[in-house]
Amino acid sequence: MLGDYRFALVDLETTGGQAGQDQIMEAAVRVLGGEQELEWQSLIDPACAVPSFIQGLTGISSSMLRGKPRFSEIQETLWSYLDGAILVAHNARFDAGFLRANFARYGRDYQPRILCTLKLARALYPDWPRHGLETICERIGFYSEVHHRAMADVDAMKAFLDYARADKGEAVFNFEAGLLLGLPVLPPTISQTDIDAIPLQPGVYRLLGEAGELLYLAGATSLQEQVCSHFENSAGDSKAAKLARRVYAVQWQALAGDLSAALHVNAALRAEKPLLQRRMKAMGKPCCMRFISNDRGELQLRLRSGLPANIAQTTELLALFRDRKHAKTRIAELAKEHDLCLRRLAVLADTESCGCRICTGAANLPSPAEAEAQLVLASNVEFASRVKAAFAGYLYAPWPFTEPALIHEQSQAGCSEWHLIDDWRYYGSFTWDAATGQLCELSDQARPVDVEAIRLRCEQSKELQYEHYRLLRAFRDDLPWLPLSEFAINKAQ
């Protein structure tokens, strides 16, 4: 992978550490990759005195620079080596900053990919106490008579890259370098053959660590694409890069579709605790909102935590929310969006203002009395209609069948599943065995289950889960739903 790129190993010696005010006084570059290895170096007249500290550090004096070319004279040549190549430098931010500032003076926008050998050394050898270039040279047994000179430091960087590639192996070296560059890379223990074996269909996957520990768990519309995304969008010290560095293996299970993947992941995340996955926010009890009429016939809202025990049989109009906090947030947002007064809805006290046109006086009502009159004049029926329309997306939909139903889902690859649902409660997923004429549990045991056993299963008491309800509602019109009796008839024919 890295063989497809050109790398420009660069070191600069400067009159100070500020790219905006200090000057480059020496530059060296060695280009790797391509048809042949190229190198170039030059002292550069900074048109200013060299501070004594810098002279002592580099051995470059002002007299050595007198008569040397200015940056304006060498910038064309230097650009020819750097253009299109990955910049490699130790503490690369320093060198990149000086090059960017100096090239900008001549109308060149220098924005290369950057490989910092300091960061690479830290990633490959985290146990080394220090990662300065001189310390690295001592570690790897590379000796140079000169330090803090441009080409000498370029040689030291190349020596480290050669050492690390041989010591860690090509796969590990390319992986860490690729992460720092933000390039698509695979962990050393995962081959392209492993990736090619993952199907481009819906399912659930797990990223595992070296000891088999679960690092990450998720569902995907396309398993292969989603797994690869973990190794394509990671760079530097990001969370994605930290995950990629710990991945040792991938487990996956192809499923019938997005609903199946979501149901499986929801159940798995309740039972398993991925180490490097952001925890789902702890949710309180689901919350329902009732629509009631006061003595004057005005529609008002009432919140209660939890769901009614008889919600499946209720004929009352209810809105469901993930929890009480979610309900309050959405009520405020939807009221603002639909110009509903929270005082009139009894969400706020009469002395409070919700910021609507009436509360703020933006309705051109000169007095509180006239504002109240305006509220009374508004039709209660019309207002109630607007309120219900605002919360339409959260209204509880009664179970549309008089018995359990099976949702059929099938992938393009032919993977077929039946999801058992009753009163919006999920009771498991099954495959159909045509040979035995029975449903089979979607599990390792694949136990056969007849229709009557499934019907009995749905008689088990089970709480309504808000996330299942919302998920099933989202797929209500996208997949075929068969009442259990119709399913039995169809399969018997």
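Preceding this section is the structure that the text describes.
Fair warning: this is a prediction, and the values are worked out from it, not measured in the lab.

Hey, could you run me through the overall build of the chain in this one?
Secondary structure summary: the chain contains 19 helices and 17 strands in total. The globule rule puts the C-alpha radius of gyration for 493 residues at 23 Å, and the 34 Å found for the chain is more than 25% above it. For the chain, the spread of C-alpha atoms along the three principal axes comes to 95 × 80 × 35 Å. When the 493 residues of the chain are sorted by exposure, 45% land in the buried category. Looking at the chain alone, contacts between residues at least 24 apart form 64% of all its contacts between residues at least 6 apart. Accessible surface computed for the chain: about 25,600 Å², of which carbon and sulfur atoms make up 48%. Positive and negative charge centroids in the chain, built from 53 and 61 side chains respectively, lie 7 Å apart.

Just to check I follow, could you spell out the packing of helix 12 (residues 258-271) against helix 18 (residues 466-474) for this structure?
How two helices pack is summed up by the angle between their axes together with the distance between the axes. In the contact formed by helix 12 and helix 18, the axes pass within 11 Å of each other and the chain directions differ by 175°. Compared by their axis directions, helix 12 and helix 18 come out roughly antiparallel. For the pair formed by helix 12 and helix 18, the contact residues are L259, A262, L263, N266 and R270 on the first element and E467, H468, L471 and L472 on the second. Classifying every residue of the contact of helix 12 with helix 18 by side-chain character gives five nonpolar, two polar and two charged.

How do you make sense of the sheet that holds strand 5 (residues 114-116) when you look at a structure like this?
By definition, the strands of a sheet pair up through backbone hydrogen bonds, in either a parallel or an antiparallel sense. Judged by pairing direction, the sheet is mixed, and its five strands sit side by side in the order 3-2-1-4-5 without closing on themselves. Two strands close off the open sheet at either side, each with one partner strand: strand 3 (38-43) and strand 5. Between one strand and the next, the sheet's axes are offset by a mean angle of 20°, whatever the strand orientation. Its contacts with the sheet place helix 8 (residues 170-181) against strand 1 (7-14), strand 4 (86-89) and strand 5, and it is angled at close to 125° to strand 5.

Honestly, the packing of aromatic side chains in this entry has me stumped. Any pointers?
Two aromatic rings, taken as a pair, are described by how far apart their centres are and by the angle between their planes. Summed over the entire model, instances satisfying the criterion amount to 22 aromatic pairs. On the basis of an interplanar angle of 10° and a centroid distance of 4.1 Å, the ring pair of Y125 and W128 is categorised as stacked. Each residue in the set Y396, W399, F401, W424, Y469 and W481 is aromatic and connected to the rest through ring pairs, giving one cluster. Stacked on the ring of F383, the Lys or Arg R344 has its end atom at 3.9 Å from the ring centre. Across the ring face of W481, the terminal group of R476 is positioned such that the distance to the ring centre comes to 4.8 Å.

Can you help me understand the environment of P51 in this one?
Among the structural elements, P51 can be located in the loop between strand 3 and helix 1 (52-58). For the pair formed by P51 and S461, sequence separation is 410 residues and the distance between their alpha carbons is 82 Å.

Would you take a moment to explain the sheet that holds strand 13 (residues 416-422) for this structure?
Strand order in the open sheet formed by six strands is 16-15-14-13-12-17, and the pairing between neighbours is antiparallel. The sheet terminates laterally at strand 16 (448-449) and strand 17 (481-483), the two strands that pair on one side only. In terms of strand pairing, strand 12 (residues 405-410) meets strand 13 through six bridges, oriented antiparallel. Its bridge partner lying in strand 13, A405 is registered against I421. This element, helix 12, spans strand 12, strand 13 and strand 14 (425-433) of the sheet and lies at about 60° to strand 13.

Would you mind showing me how to read empty space enclosed by the protein here?
With the rule as written, the count across this model stands at one cavity of 30 Å³ or more. In this structure, the largest cavity spans a volume of roughly 30 Å³. Along the walls of the largest cavity sit L133, E134, C137, S144, V146, H147, A152, D153 and A156, which together make up its complete lining. Elements with a contribution of two residues or more to the lining of the largest cavity: helix 6 (133-140) and helix 7 (150-168). The class makeup of the residues in the lining of the largest cavity is five nonpolar, two polar and two charged.

Would you mind going over the nonpolar core with me for this structure?
What tends to happen in soluble globular proteins is that the nonpolar side chains get buried as a cluster. In terms of nonpolar packing, the biggest core is built from 45 residues, with F291, V387, F391 and W424 touching the most fellow members. Non-local contacts of F291, meaning those with residues more than four positions away in its chain, are made with L299, Q300, L301, L317, L318, A319, V387, F391 and L395. Counting residues in hydrophobic clusters, the runner-up holds 31 residues, among them L2, A28, C137 and L161.

Which parts of the structure should I look at to understand unusual backbone geometry?
Trans peptide bonds make up the majority, and among non-glycine residues the majority have a negative phi. In this model, D423 sits at a positive phi of 50°, which is unusual for a non-glycine residue. Phi at W424 is positive, roughly 65°, even though this residue is not glycine. Examined against the element boundaries, W424 turns out to sit in the loop between strand 13 and strand 14.

I would appreciate a short explanation of the side chain of E409 in the present structure.
When you line up the elements, E409 lands in strand 12. No salt bridge is formed by the buried E409. Its closest oppositely charged neighbour is R476, at 14 Å. Within the structure, E409 has its side chain in polar contact with the backbone nitrogen of D258 (distance 3.1 Å). Only 2.8 Å separates the side chain of E409 from the side chain of H419, close enough to count as a polar contact. If we skip the residues at most four places from it in the chain, E409 touches A256, G257, D258, L259, S260, C415, S416, E417, H419 and L479.

Help me out: how do you make sense of the side chain of T117 in this one?
With respect to the helices and strands, T117 occurs in helix 5 (residues 117-124). Discounting chain neighbours no more than four positions away, the residues touching T117 are V88, A89, H90, M157, F160 and L161.

Looking at this structure, how should I read the environment of P274?
Relative to the helices and strands, P274 is located in the loop between helix 12 and strand 9 (287-293). The sequence separation of P274 and A244 amounts to 30 residues, and the corresponding C-alpha distance is 14 Å.

Sorry if this is basic, but what is going on with the pattern of salt bridges here?
When the charged atoms of two side chains with opposite charge come close together, those side chains can pair. Considering all chains together, one arrives at 19 salt bridges under this definition. Where E26 meets R149, a salt bridge forms, and the shortest distance between an N and an O atom there is 2.9 Å. With E26 in strand 2 (residues 24-32) and R149 in the loop between helix 6 and helix 7, the pair connects residues that are 123 residues apart, well separated along the chain. Comparing E26 with R149, the two get one shared label, buried.

The rules we used
Residues numbered from 1 in each chain as written. Predicted model: local features only at pLDDT ≥ 70, side-chain atom pairs only at ≥ 80, totals over all residues. Heavy atoms only, no water. Helix = DSSP H or I, 4+ residues; strand = E, 2+ residues; numbered from the N terminus. Rg over C-alpha atoms; globule rule 2.2 N^0.38 Å. Buried < 20%, exposed > 50% of the residue type's maximum accessible area, 1.4 Å probe, protein only. Contact = heavy atoms within 4.5 Å. Areas by Shrake-Rupley, 256 points an atom, 1.4 Å probe, with all protein chains shown as cover. Lys, Arg positive; Asp, Glu negative; His and termini not counted. Charge placed at Lys NZ, Arg CZ, Asp CG, Glu CD. Axes fitted to C-alpha atoms, helices over the stretch in contact; angles between N-to-C directions. Parallel < 35°, antiparallel > 145°, perpendicular 65-115°, else oblique. Nonpolar A, V, L, I, M, F, W, Y, C, P; charged D, E, K, R; others polar. Pairing = 2+ DSSP bridges. Phe/Tyr/Trp six-rings, centres within 6.5 Å; stacked < 30°, edge-to-face > 60°. Lys NZ or Arg CZ within 6 Å of the ring centre and 35° of its normal. 1 Å grid on protein atoms, 1.4 Å probe; cavity = no way out; pocket = protein on both sides within 12 Å on 5 of 7 lines; lining within 4 Å. Points joined across faces, edges and corners; volume = space filled by probe spheres on them. Core = buried A, V, L, I, M, F, W, Y, C linked by side-chain atoms within 4.5 Å. Salt bridge = Lys/Arg side-chain N within 4 Å of Asp/Glu carboxyl O. Polar contact = N/O pair within 3.5 Å; in protein donor to acceptor, adjacent residues only side chain to side chain.

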